Amino acid sequence: MELSALLFLAVLMGLLLLLVKGRPKARGHLPPGPHPLPFLGNILQMDRGGLLKSFLRLREKYGDVFTVYLGRRPVVMLCGIEAIKEALVDKAEDFSGRGKIAMVEPVFQGYGVFFANGDRWKTLWRFSLATMRDFGMGKRSVEERIQEEAQCLLEELQKSKGALLDPAFLFQSIAANIISSIVFGKRFHYRDEEFLKLLDLFFQSSSLISSFSDQLFELFSDFLKFFPGAHRQVYKNLQEVSAFIGHVYLLRVEKEKSNPHSEFNQKNLILNTLSLFFAGTETTSTTLRYGFLLMLKHPHLTEGVHKEIEQVIGTHRPPALDNWIKMPYTDAVIHEIQRLAALLRLGVPHMVTRDTHFRGYIMPKNTEVFPILDSALRDPRYFEKPDAFNPDHFLDASGALKKNEAFIPFSLGKRICLGEGISKTNCSSSSPSSSRPSPWPAPWHLRTLTLHPRRVVWEQDPQNTRSASCLV
Ligand code: HEM
């Protein structure tokens, strides 16, 4: 046989082998879903509008629980509060594993509270909760730290004296400073160069993580990881932040040296701190930014919040946690901001910790699960006008705060957001009305405000040479 024929045969055999190996193997008895292609999974069913849109369309055909192959990975999607609750709350232990986010996996490698599993996660969860609840590394309460930061924000806003200002950078700074104050025991000045660098690395990384290329990477990480791309930049950025965090926990590591089984090794502590910054900075600052935008767009609602704050807190005291009970309207507005912002619309990947029976299906141990939070947060059965900014969603006829079981921006169950309490205090202390008197745009500026990102530009901030983004 000629050499070329032999070569052709070898390539053909190789391709056949790859096809057979690449065909996703159905294990257990997974919920139904579109038929996957070898290697490519359900790429043909993915919409150009992004993963969320694709999943919501598939829900119409397959119901609230279905399986999608992201490349070769079968992932079970949970839609609607009933399915999400049934899994994350009623079968909390089974669904308490953390799935992977391909873009940041090489950085965290299963360390730190966000990405850890099993006993490591339990230990770090307890440690992180104690750090955030009780004392951090100093003696002041978390509430006092947030109040201090809100005061700094107010001073900074007042400095602008009515000029237009992009608050994105300030919101990022206060979110990062509160976490820093809790875990390091210190806050940074808004012009501190090291701090600005840290913020920039986070901002760049989270933009990349929420980009279209990340969604593509999520589908084909096994293959794309070998090529240059955004994932390499994210890796570099987060490594740099880890190095910054590194020296802070050396003391704790020294203390634990004699215990070979301790989870308080340097890697876990650094990546645990990185987890808190990673999970808490962009989420909080984007919520604040979106909240400001919504309130600027709806001045009559802002007026209501302002009135309530003046009545309950007055103008000379900082807001405190125990004011909440007397401020149902403000509370409802903040709930509504968090509902509409729906920052983690796809949820964060979970994983089943053992073979799990669910709604007549069997998910083998380690099957990935996405609780699609957006499907609950915009469910018309629970929110009369799901796409509108309407604080009445959270108010009863007497004006008291009304709970809504589909309100799950922080998710549910054992992996529920560790920073839920901090976020709520953050949003209230930094709400536009509590920072009055600050400059409000003239009515003609309001007309140009849109709630949709129209363009993202990178520009130099003249004051501190840091990159700033503009969403409207
Ligand atoms: C508005 C702001 C925030 C939102 C909307 C938010 C939302 C979420 C969501 C949806 C999850 C995933 C839960 C799951 O796995 O099902 C999560 C996890 C987490 N969040 Fe937040 N978060 C916010 C702020 C924060 C802050 C300020 C911190 C820290 C100080 C924080 C720390 C964490 C941690 C550590 C986890 C992982 C918990 C675990 O895996 O056990 N978050 N967050």
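If you're wondering where the values come from, they're calculated on a predicted model, not measured in any experiment.

1. What about the coordination of the iron atom of the ligand?
- Among protein residues, the single donor to the iron atom of the ligand is C417 (SG), with a metal-donor distance of 2.3 Å.
- Tracing the backbone through its elements, the reader meets C417 in the loop between α16 (373–377) and α17 (420–429).

2. With respect to the site of the ligand
- Taken together, 25 residues surround the ligand, and among them R98, W121, H350, S411 and C417 come closest.
- A distance of 2.7 Å separates an oxygen atom of the ligand from a polar side-chain atom of H350.
- Broken down by secondary-structure element, the contributors of at least two residues to the shell around the ligand are α5 (112–115), α6 (118–135) and α13 (266–297).
- Element by element, the count of residues in the shell around the ligand is highest for α13, at 6 residues.

3. Considerations on the pattern of salt bridges
- Enumeration over the complete set of coordinates arrives at 18 salt bridges.
- Two residues, R187 and E149, come together in a salt bridge whose shortest N-O distance is 2.7 Å. Of this pair, R187 sits in the loop between α8 (168–183) and α9 (193–209) while E149 sits in helix α7 (residues 142–159), and the two are 38 residues apart along the sequence.
- For E149, a relative accessible area of 2% puts it in the buried group.
- Across the salt bridge formed by R378 and D374, the nearest N and O atoms sit 3.3 Å from each other.
- Classification of D374 by relative accessible area gives buried; the value is 6%.
- Several salt bridges converge on common partners, so that one network encompasses R345, D374, R378 and D387.

4. Structural notes on the confidence of the model for the protein
- Overall, the predicted model of the protein reaches an average pLDDT of 81, with 79% of residues at or above 70.
- The low-confidence segment residues 435–439 (pLDDT under 50) makes 11 contacts with residues lying over four places distant or belonging to another chain.
- Below a pLDDT of 50 lies the segment residues 454–472, which in the model reaches 41 contacts outside its immediate sequence neighbourhood of four places, other chains included.

Conventions and cut-offs
- Residues numbered from 1 in each chain as written.
- Predicted model: local features only at pLDDT ≥ 70, side-chain atom pairs only at ≥ 80, totals over all residues.
- Heavy atoms only, no water.
- Donors = N, O, S within 2.8 Å, 3.2 Å for Na, K, Ca; no water.
- Helix = DSSP H or I, 4+ residues; strand = E, 2+ residues; numbered from the N terminus.
- Near = heavy atom within 4 Å.
- Polar contact = N/O pair within 3.5 Å; in protein donor to acceptor, adjacent residues only side chain to side chain.
- Salt bridge = Lys/Arg side-chain N within 4 Å of Asp/Glu carboxyl O.
- Buried < 20%, exposed > 50% of the residue type's maximum accessible area, 1.4 Å probe, protein only.
- pLDDT = per-residue confidence, 0-100.
- Contact = heavy atoms within 4.5 Å.

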